[in-house]
Amino acid sequence: DVYKRQINAEYGAELLNQVRQCRAMKANFKFYNLCGRVYGGGPVLFTPDGNSLLTAVGNRVCVFDLQKNVSRTLDFQHRSNISDMALSPDGNLLVVSGDNLLTFVSMLKGVVISAFSPFGRVFTVKFSPDGAYICLSMRNALDILKTPPLKRQYRPVSVRTRINRYADVTPSVDWSLDSQYVLYGGREGVCYISSAHDLDQQDIAMFSGGSSVIMCTFVNKDQTVYILDEDCVLTIYDRSEEGTWEFRNKFRSEHSAHALVAKYHHRSNLLLMVHRDGVFSLYEMPDFRLIQQLKVTNSRVQGIGLSPSGDWLAFGSISGQLLVWEWQSERYILKQQGHITIRSLSYSPEGLYIATGGSDGKIKLWNLSLIHISEPTRQAEISY
């Protein structure tokens, strides 16, 4: 009996020690990184220095360092999947939207500063050039917010101006260089210029177009407006000396597929247009001269971006593919694609690598900095 009590005491002490170790390990667990997917929808954003790329994956944001070929995931989590995000001109403040909520994140510390519930579902978040204001594009209105400071305080976000429209507003929004006016499009093919701060100047100018507008922007020091619709028709208006806007020219892309998304690069005067069939067209403005046309993916492209220098083009597709293309040398800087669904995974014995198998018939080898090699191994999905 004494021997049994001694054994039970030793076993109980050892069991208690194991429980304490497990509790300590559980308390010490900390989120490190996100593997298995590199793009989940929404925009792709270059940082102001052009060295990193930001993508939304579910309710998290991944940052890809294009110089060191590594990536990391920010610690914060949004309440729902991220539908849109914007980075301030200085790169210090990130705004993400989704499920009628805006989350403001400090890129310096990687922490959430504040949150804000807008009037309705937000399609687009756009910083003003001076970084002092944020424009929110919603179904029938635009809200102009004052950019919150990079520190926590009581009620840091409020609506400065609300521009109401009876027609649907498209996600295409642009600011004037002095951050005083906003240009935005409608699904009925009409674009408007409104004052961002004066409610009495909501209809300064109106431009008629064809089908639904997918891009509109100020160019030439706000003296010219480019409007691109989904039929790949680009319309150009110039501002006269009297202050009125006059039609100047109209171009149409020779590619037959409709346009999905487009972006204009002011520094290099480049217009990037992506079509429904996965083909992108790069034009030099203002002559609308085709520089390059290439098919980059078989799936639908949702997000595009241009680096600050204009040398790199970024694409994100609904299949989870993320591409960065250098158009002058015609080579890929980044070419990543996550699994559609992960079916199995295993750590290496030393814990430095993770092997994953997915329903797409591929095995991927990941290291802790998210450098991975992908090779198709079979046609059917991998289950073990």
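Participant: How would you sum up the overall build of the protein? Please name residues and give values.
Facilitator: For the protein, the count of helices and strands is one helix and 32 strands. Counting only residues that meet the buried cut, the protein has 51% of its 384 residues in that class. When contacts within the protein are restricted to residue pairs at least 6 apart in sequence, those whose partners lie at least 24 apart make up 38%. Roughly 19,900 Å² of accessible area belongs to the protein as shown, and the carbon and sulfur atoms make up 49% of that amount.

Participant: Give me the pattern of salt bridges: which residues, what numbers.
Facilitator: Considering all chains together, one arrives at five salt bridges under this definition. Note that Arg 79 is salt-bridged to Asp 99, the shortest N-O span being 3.5 Å. Pair noted here: Arg 79 is in the loop between strand E4 (70-73) and strand E5 (84-87) and Asp 99 is in the loop between strand E6 (93-97) and strand E7 (102-106), with a separation of 20 residues, a long-range link. Here Arg 79 falls in the exposed class, since its relative accessible area comes to 53%. Judged by relative accessible area, Asp 99 falls into the partly exposed class, the value being 48%. Note that Glu 326 is salt-bridged to Arg 331, the shortest N-O span being 3.0 Å. A residue is classified by how much of its surface remains accessible, and Glu 326, at 16% relative accessible area, is buried. On the basis of relative accessible area, Arg 331 is assigned to the partly exposed category, the value being 44%.

Participant: Hey, could you go over the pairing of E7 for me, with residue numbers and the actual values?
Facilitator: Every other side chain in a regular strand lies on the same face of the sheet, so the side chains alternate between the two faces. In terms of residue burial, E7 counts as a mostly covered element, since five of its five residues are buried. Alternating positions in E7 separate into two faces, Leu 102, Phe 104 and Ser 106 on one and Thr 103 and Val 105 on the other, with burial throughout. Bridging between E6 and E7 involves five bridges; their strand directions are antiparallel. Looking across to E7, one finds that Val 95 is bridged to Phe 104. As judged from the five bridges shared by E7 and strand E8 (residues 111-116), these two strands associate in the antiparallel manner.

Participant: Give me the sheet that holds E4: which residues, what numbers.
Facilitator: Read from one edge to the other, the open sheet built from four strands follows the order E1-E2-E3-E4, with strand pairing classed as antiparallel. Single-partner strands in this sheet number two, and they are strand E1 (45-46) and E4.

Participant: Requested: an account of the sheet that holds strand E27 (residues 321-326), with residues and values cited.
Facilitator: Whenever strands of a sheet pair, they do so through backbone hydrogen bonds, lying parallel or antiparallel. Spatial ordering of the open sheet is given by E25-E26-E27-E28, a layout of four strands whose pairing is antiparallel. Across the chains shown, the open sheet's two edge strands, defined by having one partner strand only, are strand E25 (301-306) and strand E28 (331-337). Averaged over all pairs of adjacent strands, the angle between their axes in this sheet comes to 10°, without regard to strand direction. Where strand E26 (residues 312-317) and E27 come together, five bridges link them in antiparallel fashion. If you follow Leu 313 over to E27, its bridge partner there is Trp 325.

Participant: Explain the side chain of Ser 307 to me, and be specific about the residues and the numbers.
Facilitator: Structurally, Ser 307 can be placed in the loop between E25 and E26. A polar side-chain atom of Ser 307 sits 3.4 Å from the main-chain amide nitrogen of Asp 311. In contact with Ser 307, other than residues within four places in its own chain, are Phe 46, His 265 and Trp 312.

Definitions and cut-offs
- Residues numbered from 1 in each chain as written.
- Predicted model: local features only at pLDDT ≥ 70, side-chain atom pairs only at ≥ 80, totals over all residues.
- Heavy atoms only, no water.
- Helix = DSSP H or I, 4+ residues; strand = E, 2+ residues; numbered from the N terminus.
- Buried < 20%, exposed > 50% of the residue type's maximum accessible area, 1.4 Å probe, protein only.
- Contact = heavy atoms within 4.5 Å.
- Areas by Shrake-Rupley, 256 points an atom, 1.4 Å probe, with all protein chains shown as cover.
- Salt bridge = Lys/Arg side-chain N within 4 Å of Asp/Glu carboxyl O.
- Pairing = 2+ DSSP bridges.
- Axes fitted to C-alpha atoms, helices over the stretch in contact; angles between N-to-C directions.
- Polar contact = N/O pair within 3.5 Å; in protein donor to acceptor, adjacent residues only side chain to side chain.

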